[in-house]
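# Tertiary structure, described
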Amino acid sequence: MKKISRFALDMEALAQDPEATHAPLLVDGVRTPYKLEGVSLVDQYETESGYLIFTDCDCPYEELTFLTLLDKGFKPLHSKMLGKFVYVFPSRTFAVQRIDVDDGALVVHGSSPQEGRYRVEVADVWTWRGRRLGVKAVWSPT
């Protein structure tokens, strides 16, 4: 996996709708027909199968991190929310502190020891449509 910087979120569209939870995707400054969940771009990587894009909701009270796999044509193939349930709220929290590349996978560290870390890989996953290319994320405590 290789870290890249060709994607962005359309901040003008987000400024027009402050309540938005999805943002239009820009590739090399050109708007695509796709929207990603989240309003802040965290990081991006190129893989053999496509691209992995990390986004979040940019909210200090209910931090959510989303991981989206895009194909080579920039179409979203699969997405996953990283986090674990919080005791009081029906939400899942996980804020990315750092991402390390480890032998074809990404190790995503949370901002606190309670959030743990995820090992993220592009692999065949089971969906309601059957087995297809997607994101496999396995949580472990720090």
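Residues numbered from 1 in each chain as written. Predicted model: local features only at pLDDT ≥ 70, side-chain atom pairs only at ≥ 80, totals over all residues. Heavy atoms only, no water.

With that out of the way, let us pick up the environment of Lys72. Within the fold, Lys72 resides in the loop between β7 (65-70) and β8 (76-82). Judged by its relative accessible area of 41%, Lys72 is partly exposed. When the C-alpha atoms of Lys72 and Tyr51 are compared, they prove to be 7.2 Å apart, with 21 residues separating the residues in sequence. Aside from chain neighbours lying at most four places away, what touches Lys72 is Glu46, Thr47, Glu48, Ser49, Gly50 and Tyr51. (Helix = DSSP H or I, 4+ residues; strand = E, 2+ residues; numbered from the N terminus. Buried < 20%, exposed > 50% of the residue type's maximum accessible area, 1.4 Å probe, protein only. Contact = heavy atoms within 4.5 Å.)

Moving on, we come to the environment of Lys75. The residue Lys75 is located in the loop between β7 and β8 in this model. Note: C-alpha distance between Lys75 and Tyr118 (43 residues apart in sequence) is 24 Å. Leaving out residues up to four positions away in the same chain, Lys75 has contacts with Tyr34, Leu69 and Leu70.

Another point: the pairing of strand β11 (residues 96-102). Looking down a regular strand, the side chains alternate between one sheet face and the other. As defined by bridge partners, β11 adjoins strand β12 (residues 105-110) across 6 bridges and the pair is classed as antiparallel. Paired with Val101 across the strands is Leu106, a residue of β12. If you look at the hairpin formed by β11 and β12, you'll find 2 residues sitting between the two strands, and Asp103 has a positive phi there, around 50 degrees. (Pairing = 2+ DSSP bridges.)

What follows covers the sheet that holds strand β2 (residues 7-9). Strand order in this open sheet of 3 strands is β2-β3-β4, and the pairing throughout is antiparallel. Looking along the sheet, the strands with just one partner apiece sit at the ends: β2 and β4 (30-37). Within the sheet, the average angular offset between the axes of one strand and its neighbour, ignoring direction, is 35 degrees. In this structure, β2 lies alongside strand β3 (residues 22-27), joined through 3 bridges in antiparallel fashion. Following the sheet pairing, Leu9 is matched in β3 by Leu25. (Axes fitted to C-alpha atoms, helices over the stretch in contact; angles between N-to-C directions.)

Here Thr65 is to be found in strand β7. Separated by 2.6 Å, the side chain of Thr65 and the backbone oxygen of Phe94 make a polar contact. Not counting the four nearest positions on each side in its chain, Thr65 is found in contact with Phe54, Thr55, Asp56, Lys80, Met81, Leu82, Phe94, Ala95 and Val96. (Polar contact = N/O pair within 3.5 Å; in protein donor to acceptor, adjacent residues only side chain to side chain.)

A word on the sheet that holds strand β5 (residues 40-46). One open sheet holds the 5 strands; their spatial order is β1-β5-β6-β7-β8, and the pairing between them is antiparallel. On the outer flanks of this sheet lie β1 (2-3) and β8, each paired with one strand and no other. Summarising the sheet, β7 and β8 pair through 6 bridges and their orientation is antiparallel. Bridge assignment links Thr68 to a residue of β8, and that residue is Ser79.

Looking now at the layout of surface pockets. Gaps left between atoms are located by rolling a probe of water-molecule size over the structure's atoms. By volume, the largest pocket is sized at about 240 Å³. Forming the boundary of the largest pocket are Lys75, Pro76, Leu77, His78, Val125, Thr127, Trp128, Arg129, Arg132 and Leu133. Looking at the lining of the largest pocket, the elements with two or more residues in it are β8, β13 (117-127) and β14 (130-140). Along the lines of polarity and charge, the residues of the lining of the largest pocket split into 5 nonpolar, 2 polar and 3 charged. (1 Å grid on protein atoms, 1.4 Å probe; cavity = no way out; pocket = protein on both sides within 12 Å on 5 of 7 lines; lining within 4 Å. Points joined across faces, edges and corners; volume = space filled by probe spheres on them. Nonpolar A, V, L, I, M, F, W, Y, C, P; charged D, E, K, R; others polar.)

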